[in-house]
Amino acid sequence: MATSTGRSLVSHDTQKRLQRIAVYLTALLISVFTIIPVYVMVVIAIQSPATTFAGGRVNLLPTQPSLRNFLVLLGSTDTVRYFVNSLVVTLGSTVLSTTIAVAAGYGLTRFDFTGKSLAARAVLFSYMFSPIVLAIPLYVVFSTLGLLNSHFALTLALTAISAPFCIWLMWQYFQTVPIALEESAWVRGASRWRTVRDVVLPVARPGYISAAIFAFAVAWNDFTMARVVMSRDEMYTITVGASLFLDRVSIGWGETMAVSLLISIPPFLIALFLQRYLLQGFSVGGLE
Amino acid sequence: MSTALKSRLAAAGSALRERDVDGTTLLLAACFVPMLAFFVVVWVIPIVYALGMSLFASPVRNPEFVGLGNYAELLGNGAFWGFLWNSVVYAVATTGLSLVIGLGLALVINQRIRGGDALRTLMIFPYLLPTLVVIFMWKFILDPNIGILNQFLVDAGLIDKPIAFFSTLEFAMPAVVVTSVWKFASFAFFILLARLQAIDPDLYERARVEGATTWQAFRDITFPHLRGAILIILLVRGIWMFNKFDIIYLSTRGGPLQQTTTLPIRVYQLAFSEVNFGMATALAGVMFFLLAGVAVVYFRAFAPEKEVA
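Predicted model only: the values in this text are computed from it and were never measured. Here, residues in each chain are numbered from 1, in the same order as that chain's written sequence. Just so you know, chain letters begin at A and ligand numbers begin at 1, following the order they were written in. Two thresholds apply to this predicted model, a pLDDT of at least 70 for residue-level local features and 80 or more for giving and counting side-chain atom pairs, whereas whole-chain, interface and lining totals are computed over all residues. To obtain the side-chain values, all non-hydrogen atoms of the structure were used and water was disregarded.

Engineer: Please provide a residue-by-residue account of the overall build of chain A, values included.
Structural biologist: Assigned secondary structure in chain A consists of 15 helices and 0 strands. To get the radius of gyration, use the C-alpha atoms; to get the globule rule, take the number of residues to the power 0.38 and multiply by 2.2 Å. Taken against the 2.2 N^0.38 rule, which gives 19 Å for 288 residues, the C-alpha radius of gyration of chain A at 25 Å runs more than 25% over that of a compact globule. Taken along its principal axes, the extent of the C-alpha atoms in chain A is 75 × 75 × 35 Å. Relative to its full complement of 288 residues, chain A shows a buried share of 54%. Pairs at least 24 apart in sequence give 75% of the contacts found in chain A among residues at least 6 apart. Going along the chain from the N terminus, every DSSP run of H or I of four or more residues is numbered as a helix, and every run of E of two or more is numbered as a strand. With a 1.4 Å probe rolled over the protein chains alone, any residue whose accessible area is under 20% of its type maximum counts as buried; one over 50% counts as exposed, and the rest are partly exposed. We call two residues contacting when some pair of their heavy atoms lies within 4.5 Å.

Engineer: A description of the overall build of chain B should follow, citing residues and the corresponding values.
Structural biologist: Summing up its helical and strand segments, chain B has 13 helices and 2 strands in all. Against the globule reference of 19 Å for 309 residues, chain B gives a C-alpha radius of gyration of 25 Å, more extended than a compact globule. Oriented by its inertia axes, the alpha-carbon framework of chain B measures out at about 75 × 65 × 30 Å. Counting across all 309 residues of chain B, residues that qualify as buried make up 52%. Long-range contacts, defined as pairs at least 24 residues apart, comprise 61% of the intrachain contacts of chain B with a sequence gap of at least 6.

Engineer: Break down the UniProt feature "transmembrane region" (unreviewed entry) in chain B for me, with residues and values.
Structural biologist: Residue and element names in this part refer to chain B. UniProt positions are given in the numbering used here, feature names are shortened, and annotations may be inferred rather than shown by experiment. Feature annotation in UniProt places "transmembrane region" (unreviewed entry) on residues 26–51, 88–109, 121–141, 171–194, 226–243 and 277–299, given in this structure's numbering. When the span residues 88–109 is considered, its composition is 100% helix and 0% strand, and the gap between its end C-alpha atoms is 31 Å. A distance of 32 Å separates the end C-alpha atoms of residues 277–299, which is 100% helix and 0% strand.

Engineer: Just give me the short version of the UniProt feature "domain: ABC transmembrane type-1" (unreviewed entry) in chain B, but keep the residues and values in it.
Structural biologist: As recorded in UniProt, the sites labelled "domain: ABC transmembrane type-1" (unreviewed entry) are residues 84–298 of chain B. Taken as a whole, residues 84–298 of chain B contains 77% helix and 0% strand, while its terminal C-alpha atoms sit 21 Å from one another.

Engineer: Summarise the UniProt feature "transmembrane region" (unreviewed entry) in chain A; cite the residues concerned and give the values.
Structural biologist: Here the UniProt-annotated "transmembrane region" (unreviewed entry) positions come out as residues 21–46, 82–106, 118–140, 152–171, 199–220 and 251–274 of chain A. Regarding residues 21–46 of chain A, the helix share stands at 100% and the strand share at 0%, and the terminal C-alpha atoms are separated by 36 Å.

Engineer: An account of the interface of chain B and chain A is needed here, citing residue identities and associated values.
Structural biologist: Across the contact, 100 residues belong to chain B and 108 residues belong to chain A. By buried area we mean the combined loss of accessible area, with a 1.4 Å probe, across both parts when two parts are placed together. Of the roughly 9,600 Å² buried between chain B and chain A on both sides combined, carbon and sulfur atoms contribute 78%. Three residues stand out in chain B for area buried against chain A, namely B:Phe136, B:Trp240 and B:Val308, and they jointly supply 7% of the buried area on that side. Throughout this description, the term salt bridge denotes a Lys or Arg side-chain nitrogen within 4 Å of a carboxyl oxygen of Asp or Glu. Inspection of the region where chain B meets chain A yields 2 salt bridges. Notably, a salt bridge pairs B:Asp155 with A:Arg57, separated by 2.9 Å at the nearest N-O pair.

Engineer: Just give me the short version of the UniProt feature "domain: ABC transmembrane type-1" (unreviewed entry) in chain A, but keep the residues and values in it.
Structural biologist: The positions that UniProt labels "domain: ABC transmembrane type-1" (unreviewed entry) are, in the present scheme, residues 83–274 of chain A. Taken as a whole, residues 83–274 of chain A contains 78% helix and 0% strand, while its terminal C-alpha atoms sit 22 Å from one another.

Engineer: Explain empty space enclosed by the protein to me, using residue names and the numbers behind them.
Structural biologist: Grid spacing is 1 Å over the protein atoms alone, the probe is 1.4 Å, and a cavity is where that probe fits but cannot get out, while a pocket is an open set with protein on both sides within 12 Å along at least five of seven lines and lining residues have an atom within 4 Å of a point. Grid points are joined across faces, edges and corners, and a volume is the space filled by probe spheres set on the points. This model, assessed by the stated rule, comprises 5 cavities of 30 Å³ or more. Taken as a whole, the second largest cavity holds about 60 Å³ of empty space. Lining the second largest cavity, in full, are A:Phe129, A:Val133, A:Pro137, B:Ile47, B:Ala50, B:Leu51, B:Thr281, B:Ala284, B:Gly285 and B:Phe288. Per-element accounting of the lining of the second largest cavity gives the leading share, 4 residues, to helix α13 (residues 277–302) of chain B. The classification used treats Ala, Val, Leu, Ile, Met, Phe, Trp, Tyr, Cys and Pro as nonpolar, Asp, Glu, Lys and Arg as charged, and all other residues, Gly among them, as polar. Within the lining of the second largest cavity, the residues separate by chemical class into 8 nonpolar, 2 polar and no charged.

Engineer: Give me the lowdown on the domain arrangement of chain A, citing residues and values where you can.
Structural biologist: All names here are of chain A. Assigned domains within chain A: domain 1 (12–66) and domain 2 (70–282). For domain 1 and domain 2, the distance between their C-alpha centres works out to 32 Å. Facing the 6 residues of domain 1 at the interface are 8 residues of domain 2. Together, the buried faces of domain 1 and domain 2 total about 630 Å²; carbon and sulfur atoms form 85% of this surface. Note that the domain bounds were set by an automatic or database domain assignment.

Engineer: Tell me what's going on with the packing of aromatic side chains, and back it up with residues and numbers.
Structural biologist: Aromatic contacts are taken between Phe, Tyr and Trp rings whose centres are within 6.5 Å, Trp giving its six-membered ring; a plane angle under 30 degrees counts as stacked, one over 60 as edge-to-face, and the others as tilted. Counted according to the given criterion, the structure contains 43 aromatic pairs over all chains. Geometrically, the ring pair formed by A:Trp253 and B:Phe140 is edge-to-face, given 5.2 Å between the ring centres and 75 degrees between the ring planes. One end of the pair, A:Trp253, is in helix α13 (residues 253–263); the other, B:Phe140, is in helix α6 (residues 131–141), on a second chain. Note on accessibility: A:Trp253 and B:Phe140 belong to one class, buried. Here the aromatic rings of B:Tyr268 and B:Phe272 are separated by 5.0 Å at their centres, their planes lie at 45 degrees, and the arrangement is tilted. Here B:Phe272 and B:Tyr268 lie together in helix α12 (residues 263–273), a separation of 4 residues that amounts to about one turn. Here B:Tyr268 falls in the buried class, since its relative accessible area comes to 8%. One aromatic cluster is present, built from ring pairs that chain together A:Tyr127, A:Phe165, A:Phe214, A:Phe282, B:Tyr127, B:Phe187, B:Phe189, B:Phe190 and B:Trp240. The ring of B:Phe187 is capped by B:Arg237, whose NZ or CZ atom sits 4.7 Å from the centre of that ring. Here, a charge over a ring means that NZ of Lys or CZ of Arg falls within 6 Å of the ring centre while also lying within 35 degrees of the ring normal.

Engineer: Talk me through the pattern of salt bridges; I want residue IDs and the actual numbers.
Structural biologist: Residues and elements named next belong to chain A. Counted by the stated rule, this structure contains 10 salt bridges over all chains. A salt bridge links Glu182 to Arg110, with the nearest nitrogen and oxygen atoms 2.9 Å apart. Residue Glu182 is located in helix α8 (residues 180–187), and its partner Arg110 is located in helix α4 (residues 79–110); the two are separated by 72 residues in the primary sequence. Comparing Glu182 with Arg110 shows no difference in burial state: the two are buried.

Engineer: Give a description of the confidence of the model for chain A that names residues and reports values.
Structural biologist: Summary of the metric used: pLDDT quantifies the predictor's per-residue confidence within the range 0 to 100. Chain-level pLDDT for chain A is 89 on average; 95% of the residues reach the 70-or-more range. Of the regions scoring below 50 in pLDDT, residues 1–6 of chain A engages in 5 contacts with residues more than four places distant in sequence or in other chains.

Below is the structure:
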């Protein structure tokens, strides 16, 4: 038991050293836990199944890298088409979500009206909302309107789940942008619109890059909405299309991990080059 | 409501026109119309429509008004409470474990250890990797025939024969939980790390000068600064996990024998396997009201809207 005077059974130095060891051990354990699955995916993707499963055991030290799995994907699956579908709806919803969020964030911080806390609650409620609980009503409406199996419907559905957090993020972000900048532009005779274009948008850039990354990640990651909205094979996004790969006799773990590696490229690039924007998003709550 | 809002917006607009800057009304519209239109089209209309549907038997083919009949049938069926229980178990286990791992790692990295930046970058992957990819990884690792975990456990003599984790009654839920924690622990980690890095280092310096132990510093400085964030993580992450669909659907489809069927999985089954939209929308309605109830508590307890309004 810790005592109020801070005395303990072991000397201060030993205590410090033990603490240091515990810290590094925790870091090591969590790194290993995090790295192993990613490593397994990469290795199986880049060697042929013959190499991976040689001798009845899984061989995870890559000795003979091969593009065989990727060639099979290109040759005998619709991987390319699925990727195109994913890109269309992901980019569409990223642009839509970010645009709505920038406009709303600017308006909500620059105009005064009562009922703002109601608006904030509505945004937060939709932010916590369950994608599947929203997917059922959207399915019903899209089905009534004959919009199932369209990029347009899926783009709207994806925007529905990413926009609330993006709005919240931009709302918080614009609060940190002093209105004095805009006022000094007005004083110099700039119109309100010109001020937005030349002063506000450049200053808000880190904010909307951050919002765009979250919107992108949500849409790229999505399985639920695409599964519900798209039922025709040629409209599948890559996550829905690839989720059915393992059910096919002709596709094994090699191709499955190869497509996983391809799906992971955009997240990988974000982690590498846009990390600070992502961390900024986490400082106001993060998403799903 | 909408006319009240309109007059408020108009009042706001005229207040700005007095500042003698042009184009204000149009700007006001440009700011709010996209957001309002969007909320009405993808949130309000679908939800109201679906809630209406939940009052009908076979609402698609030949609708017959049954009032709250679907809700009564749903809540009166013992299976519902089993699925609710599965949701609670899954939400509590994944949220609790994610918080423990996320907090541990955030405290570790905040010590400015060697390799800390690399470890932080590494933790972005689970968060950003699509759920499907995470499922593939873990399905492979836990596979009974070729999975490396089974290979390891058999070699080490811990088990006699391989275990089909995702399709065995007692292991399915733990396997789904581990897979989920792998993906979602980073969420707690990044939020807590952001809070930790915002603590004034002078506080620790002063505590050290006064002879406080590491534990005392944690209890009296670190923890009070993290408490709000921890509660938010428990609440928001808990809600999200309670409502999680994709990770469970992709790993077990809710099986074996509905062992991992949570409410979100059940909604999907009702709508798309049993094509019973009356019951599916009723269950979605129940989940909607559950969420609304939790949201009311959240707003009362934390007043999160104070951050912006």
